[in-house]
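Listed below, chain by chain, are the residues.
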Amino acid sequence: MLKKITIALSAVALAALAACGEGGSGGAAAGDDGTITIGFAQVGAESGWRTANTKSIQEAAEAAGIELKFSDAQQRQENQIRAIRSYVQQRVDVIAFSPVVETGWDTVLLEAKRANIPVILTDRAVDSDDTSLYETFLGSDFVEEGRKAGEWLVENATGPQKVVELQGTTGAAPAIDRKEGFEEVIASRPDIEIVASQTGDFTRSGGKQVMEAFLRSTPDIDVVYAHNDDMGLGAIEAIKAAGKVPGKDIKIITVDAVKAGMEALAAGEINFIVECNPLLGEQLMELAKKVVAGEEVPERVVTEETTFTQEEAKAALPDRQY
Amino acid sequence: MSNRRLLWPALALVALLLLNLVFTPSFFALRLQDGHLFGSLVDILRNGAPTLLIALGMTLVIATRGIDLSVGAVAAIAGAVACTHIADGGGPVTAMALALVLCAVLGLWNGFLVSVVGIQPIIATLVLMTAGRGIAMLLTEGQIVTIDDDVYRQVGAGFLVLPIAILISLAVLGGVALATRRTALGMLVESVGVNPEASRLAGVRARTIIWTVYVFVALCAGVAGLMISSNVSAADANNAGLWIELDAILAVVIGGTSLAGGRYSLTGTLLGAVIIQTLTTTVYTIGVPPEVTLVFKAVVVIIVCLLQAPRVAPALRRAPAPPKAEQEVEEVAVR
């Protein structure tokens with residue numbers, strides 16, 4: 001048994017060595033013909049935010065003359081790992097991806113590292129002790145988004161508040177961080193309490209179904225905090241069906257600021273939206289060029305973001321791109 | 001179909017409901033609001049309607065020793081077709097009709113692969129399961145198509161005292177029960193499942209029957225897809241009906257129908273579908289943390305399946321029962 005393991009291990013080591021060698025020459029070859037190839041493994045098209053993100057990356061790549069290989073993982077980690085592996089085999093110049101969940105990436109990222117292919121994380125981070133596995137992380141600060149949502153509630157809450165939380169996909173970075181940031185800020189107010197918290201999987205129907213159950217099991221909900229607009233929109237449907245007025249009887253705070261969310265905000269059905277900017281295509285292409293040219297890039301690049309109240313939404317809506 | 005076999009799933013359902021009652025004393029409360037019933041039980045029925053509908057079609061497919069994995073994708077396509085048509089200015093009725101016609105075509109395709117070409121059902125329908133979502137994404141161009149149409153909203157979110165969605169599903173249940181139990185159709189379906197070749201030699205048109213059940217399940221999936229998208233007034237090609245095929249198969253299995261084909265129980269399927277939705281609602285109402293939701297669901301499913309297992313069930317009844325060799329209880333992962 002031990003012998004077998006040893007043989008297997010040495011085979012893996014040999015393969016890795018071979019991969020290193022090839023990776024070096026592959027990179028040089030790509031540099032020769034001048035065009036940069038990026039392999040991008042997207043999470044999926046689970047929300048309006050995500051499709052805006054995809055579009056931004058595709059358009060920015062075209063504008064920058066970068067060849068983009070795009071794959072859609074349909075929210076499943078195994079699909080994403082498969083896509084990254086195929087990019088390693090295709091010897092792309094840069095791999096970029098938004099990890100579906102935070103953990104479980106070390107093996108596949110190590111494969112990319114051994115093939116000398118730099119990795120850029122976009123939008124979501126990975127939870128790994130080894131930061132040498134990726135060059136940089138371009139994306140929003142989700143904890144800060146959670147804090148912004150919490151701050152608005154703390155400032156605008158008169159009297160005790162019962163909050164229900166619609167979490168994103170269990171284990172996803174935005175779900176974990178938006179929860180953390182929000183809880184951190186409302187901890188200063190003992191009268192604001194999260195009475196129920198469940199995952200709505202970042203989808204509209206998930207948000208609606210969970211909110212329906214909350215409305216039955218938890219009386220007198222004051223505030224809904226949804227980790228994205230789509231779940232908030234689902235919650236609005238559920239609140240309306242229960243004969244209450246969203247935005248008045250039950251206040252709604254969401255994160256993202258996609259078009260449908262902003263429209264609901266302008267219509268007074270949502271009270272506050274923290275923006276999470278999906279238009280990071282141009283920044284990604286800049287970073288990719290720098291990484292390929294061998295320039296130093298910062299480990300963390302934060303996208304610019306703001307927040308919207310109902311009044312601000314009305315003003316901003318005509319110019320929204322997504 | 002022995003009623004005894006349905007005893008354990010029924011008890012499991014009652015136990016789940018009682019568990020809810022402990023955590024939420026008002027769980028069984030029903031009130032009339034705007035002329036319709038309103039409460040947790042109504043929610044369970046309404047949200048469970050799509051699963052029930054698909055599970056009904058799936059029961060007949062499984063009875064012919066087949067399986068249809070493509071129902072989730074077909075549901076997504078139905079929603080996508082209807083919503084894009086309405087978004088382009090079409091009427092809701094034509095939109096729904098268009099969607100259902102397309103679903104029937106997809107069912108014909110599945111039936112063709114299984115009954116004419118002779119591809120194994122699990123592979124034949126896997127084709128459409130994978131490709132179907134792609135088709136739905138093409139239709140919606142990868143976006144979530146949001147619409148605002150009061151007629152269309154009725155299918156999934158409307159009420160006639162009871163939710164319209166569950167009324168549709170129950171009507172289909174009644175229709176299927178009449179068509180298969182009051183005529184010879186049910187027996188023919190079962191005979192095809194037990195032995196297609198023998199049935200054919202005995203003069204049963206096995207091919208036509210198999211073809212019919214695949215078209216029927218696709219139509220069920222189509223209506224379920226309309227319910228799902230109508231419920232949130234949006235078509236989400238990526239998530240609509242995601243994994244619903246597994247829920248439907250699970251509902252059929254919990255209901256005591258063997259995946260090996262042959263005898264089936266429509267009442268069992270109804271029970272199975274209600275258990276699955278009650279389970280989901282229970283997770284939300286009693287506040288099971290999202291991290292352990294899947295484990296909680298798996299434990300309940302495995303208990304229900306164990307209680308029905310041919311070797312466990314007789315021991316529990318403390319009475320020797322004849323071994324039922326044709327029964328295989330399969331655990332299908334619940335989402």
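Anything mentioned here points back to the structure above.
Please read all numbers here as calculations on a predicted model, not as lab measurements.

Participant: Now, about the overall build of chain A: what can you tell me, with residues and values included?
Facilitator: Counting its secondary structure elements, chain A contains eleven helices and twelve strands. Expressed as a percentage of the 322 residues in chain A, the buried residues total 55%. A separation threshold of at least 6 residues defines the contact pool for chain A, and within that pool the share at least 24 residues apart is 75%. Summed over all atoms, the accessible surface of chain A reaches about 13,300 Å², with 51% contributed by carbon and sulfur.

Participant: So, the nonpolar core: which residues are in play, and what are the values?
Facilitator: Ranked by internal contacts, the top residues of the largest apolar core, which has 88 residues, are Ile54, Met58, Tyr152, Leu226, Met227 and Ile249 of chain B. Sorting elements by how many residues they give to this core places helix α10 (residues 206–232) of chain B first, with 13 residues. Among residues more than four places away in sequence, those in contact with Tyr152 of chain B are Gly79, Ala82, Cys83, Ile86, Pro92, Met96, Ile147, Leu226, Ser229 and Ser230 of chain B. Within the second largest apolar cluster, 38 residues are counted, among which are Val224, Ala235 and Ala264 of chain A together with Val283 of chain B.

Participant: Break down the pairing of strand β8 (residues 223–226) of chain A for me, with residues and values.
Facilitator: Residue and element names in this part refer to chain A. On β8, burial covers both faces: Val223 and Tyr225 on one face and Val224 and Ala226 on the other are all buried. Summarising the sheet, strand β6 (residues 161–167) and β8 pair through four bridges and their orientation is parallel. Bridge assignment links Glu165 to a residue of β8, and that residue is Tyr225. Alignment of β8 against strand β9 (residues 251–256), held across four bridges, turns out to be parallel. Residue Ala226 lies in a different strand from β9, and its bridge partner there is Thr254. Each parallel crossover has a hand, and for β8 linked through helix α8 (residues 229–241) to β9 it is right-handed.

Calculation criteria
- Residues numbered from 1 in each chain as written.
- Chains lettered and ligands numbered in written order.
- Predicted model: local features only at pLDDT ≥ 70, side-chain atom pairs only at ≥ 80, totals over all residues.
- Heavy atoms only, no water.
- Helix = DSSP H or I, 4+ residues; strand = E, 2+ residues; numbered from the N terminus.
- Buried < 20%, exposed > 50% of the residue type's maximum accessible area, 1.4 Å probe, protein only.
- Contact = heavy atoms within 4.5 Å.
- Areas by Shrake-Rupley, 256 points an atom, 1.4 Å probe, with all protein chains shown as cover.
- Core = buried A, V, L, I, M, F, W, Y, C linked by side-chain atoms within 4.5 Å.
- Pairing = 2+ DSSP bridges.
- Right-handed = clockwise from strand over helix to strand, strands pointing away.

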